[in-house]
Amino acid sequence: MADLVSDIWNGLRVLKVQNEAAEALIALHGAHVLSYKPAGERELLWLSQESWHEAGKPIRGGIPICWPWFGPAQEPPHGVARLNEWTLRETASEPGKTVLGFEAFSFENRIAELTITVADTLSMELTTTNLGAEDFRLTEAFHSYFAISDIANIRITGLDKAEYLDTLTGLRHIQDEDIRFNAETDRIYDSSAAECLVDDPAYTRKIRIAKEGSLSTVVWNPWIAKSRRMPDFGDEEYHGMVCVETANAGNDFRILKQGEKHTLKVSIGLK
Ligand code: BG6
């Protein structure tokens, strides 16, 4: 198909999508969106220069899929989906829209079905089915890293008055106005379905993150010391990125009984 080409990028098998509305680069390793650019616009996603690009290791940047658990509670951190080699099952296209459906990924009686749509927004939809006899506690995220002019310049709107867990202290707080950054920030806002905007005046743009099936948003910037500790993250790279993750995390975990499904959706674009 003309709008979809297979290629190799830094040793990884990737799909290059290009249509009238946008272009995207997606690694089969993790079904990981590495790049997304609406036509005529600057890149929306951030990717580390220090990232691993190899089997068994996650990619730093883009949109890792954290499934079927979020965070470091179990090994590997953020689950197994971002380390899995996914297979493209089918594609459909129309002018300005390319839809990629992936083969279902099965892990311990849990099935993940993923669709990625590249259009004037980038949409991702992940449906989990529990085939096991036991109830399953699902946590997950589209761990999107956004490219920004500088972390000191931006603000995130949409979470004013939302309650959050500060992962760094273990304490819960209520957000007061917009989110701005002047230190390491690692929070789970876990009772809001609202869309968020990454407002970046220096880039004269607002990135809009809208969602369904999610009451939680994770906001993360590692700042100085953690950037230095991470082997796959440049010491100064924290300036140019912010994570606003569409999640089921914190108090927003989902319990799936045998045969039950849950769908998490995100739609990312410019406002
Ligand atoms: C975020 C977490 O979602 O992911 C952070 O809130 C974590 O605590 C970050 O450091 C990156 O995780 P990883 O496993 O990709 O290094």
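Details of the structure are given in the entry above.
In this text, all values refer to a predicted model and were calculated from it rather than measured experimentally. (Residues numbered from 1 in each chain as written. Predicted model: local features only at pLDDT ≥ 70, side-chain atom pairs only at ≥ 80, totals over all residues. Heavy atoms only, no water.)

**Overview of the overall build of the chain**
Phase 1: The helix and strand tally for the chain stands at one helix and 23 strands.
Phase 2: Residues classed as buried in the chain amount to 54% of the 271 residues present.
Phase 3: Residue pairs at least 24 apart in sequence account for 62% of intrachain contacts in the chain once pairs closer than 6 positions are excluded.
Phase 4: Here the chain has roughly 11,800 Å² of accessible surface; of this, 47% comes from carbon and sulfur atoms.
Phase 5: In the chain, the 28 positive side-chain charges and the 41 negative ones have mean positions that sit 2 Å from each other. (Helix = DSSP H or I, 4+ residues; strand = E, 2+ residues; numbered from the N terminus. Buried < 20%, exposed > 50% of the residue type's maximum accessible area, 1.4 Å probe, protein only. Contact = heavy atoms within 4.5 Å. Areas by Shrake-Rupley, 256 points an atom, 1.4 Å probe, with all protein chains shown as cover. Lys, Arg positive; Asp, Glu negative; His and termini not counted. Charge placed at Lys NZ, Arg CZ, Asp CG, Glu CD.)

**Some remarks on the site of the ligand**
Phase 1: In the region of the ligand, the neighbouring residues are Arg60, Phe70, Pro77, His78, Arg82, His143, Asp186, Val218, Trp220, Lys226 and Glu245.
Phase 2: Side-chain polar atom of His78 to an oxygen atom of the ligand: 3.0 Å apart, as the coordinates give it.
Phase 3: A distance of 2.7 Å separates an oxygen atom of the ligand from a polar atom in the side chain of Lys226.
Phase 4: For the ligand, whose unbound accessible area comes to 390 Å², protein coverage reaches 81%.
Phase 5: A class-by-class count of the residues in the shell around the ligand yields four nonpolar, two polar and five charged. (Near = heavy atom within 4 Å. Polar contact = N/O pair within 3.5 Å; in protein donor to acceptor, adjacent residues only side chain to side chain. Nonpolar A, V, L, I, M, F, W, Y, C, P; charged D, E, K, R; others polar.)

**Quick look at the nonpolar core**
Phase 1: One finds Phe102, Val198 and Val242 to be the most contacted residues of the largest nonpolar core, which totals 65 residues.
Phase 2: Counting seven residues, the second-largest nonpolar core is a separate cluster that includes Cys66, Ala141, Val218 and Ala249. (Core = buried A, V, L, I, M, F, W, Y, C linked by side-chain atoms within 4.5 Å.)

**What about the packing of aromatic side chains?**
Phase 1: Evaluation of the coordinates by the stated rule reveals nine aromatic pairs.
Phase 2: Ring geometry for Tyr145 and Trp220: centres 6.1 Å apart, planes at 80 degrees, overall edge-to-face. Within this pair, whereas Tyr145 is found in strand β13 (residues 145–147), its partner Trp220 is found in strand β20 (residues 216–221), the two being separated by 75 residues in sequence. For the pair formed by Tyr145 and Trp220, the shared burial category is buried.
Phase 3: Measuring from ring centre to ring centre gives 4.8 Å for Tyr164 and Tyr189, while their planes differ by 45 degrees; the resulting arrangement is tilted. In this pair, Tyr164 sits in strand β15 (residues 163–166) while Tyr189 sits in strand β17 (residues 185–189), placing the two residues 25 residues apart along the sequence. Comparing Tyr164 with Tyr189 shows no difference in burial state: the two are buried.
Phase 4: Connected via pairs of aromatic rings, a cluster forms that spans Trp46, Tyr145, Trp220 and Phe233.
Phase 5: Stacked on the ring of Tyr203, the Lys or Arg Arg42 has its end atom at 3.7 Å from the ring centre. (Phe/Tyr/Trp six-rings, centres within 6.5 Å; stacked < 30°, edge-to-face > 60°. Lys NZ or Arg CZ within 6 Å of the ring centre and 35° of its normal.)

**Some details on the side chain of Asn221**
Phase 1: Secondary-structure assignment places Asn221 in strand β20.
Phase 2: A relative accessible area of 0% places Asn221 in the buried class.
Phase 3: From its side chain, Asn221 meets the backbone nitrogen of Trp223 in a polar contact 2.8 Å long.
Phase 4: Only 2.9 Å separates the side chain of Asn221 from the backbone oxygen of Met241, close enough to count as a polar contact.
Phase 5: Apart from the residues within four sequence positions on either side, Asn221 is in contact with Ile151, Phe181, Glu184, Thr185, Tyr238 and Met241.

**So, the sheet that holds strand β3 (residues 22–27)**
Phase 1: Taken together, the four strands give an open sheet; going across it, the order is β1-β2-β3-β4, and neighbouring strands pair in antiparallel fashion. Looking at the sheet topology across the chains shown, the edges are occupied by β1 (4–9) and β4 (32–38). The mean inter-strand angle of the sheet, taken between neighbouring strand axes irrespective of direction, is 20 degrees.
Phase 2: Note: β3 against β4, six bridges, orientation antiparallel. When the sheet's bridge partners are listed, Ala24 is paired in β4 with Tyr36. (Pairing = 2+ DSSP bridges. Axes fitted to C-alpha atoms, helices over the stretch in contact; angles between N-to-C directions.)

**Focus: the pairing of β20**
Phase 1: Burial within β20 is extensive, with six of its six residues counted as buried.
Phase 2: The sheet contact formed by β17 and β20 spans five bridges and is antiparallel. Residue pairing across strands places Thr185 opposite Asn221, the latter belonging to β20.
Phase 3: For β20 and strand β21 (residues 241–248), the ladder comprises five bridges, and the chain directions are antiparallel. The residue of β21 that forms the bridge with Val218 is Glu245.

**Focus: the environment of Arg205**
Phase 1: Its location among the elements puts Arg205 in strand β19 (residues 205–212).
Phase 2: With 25 residues separating them along the chain, Arg205 and Arg180 place their C-alpha atoms 16 Å apart.
Phase 3: Residues in contact with Arg205, not counting those within four places in the same chain, are Arg42, Glu43, Leu44, Ala147, Val198, Asp199, Asp200 and Leu270.
Phase 4: Among the polar contacts listed, one links the side chain of Arg205 to the backbone oxygen of Arg42, at a separation of 3.4 Å.

Taken by themselves, the reported measurements are silent on function.
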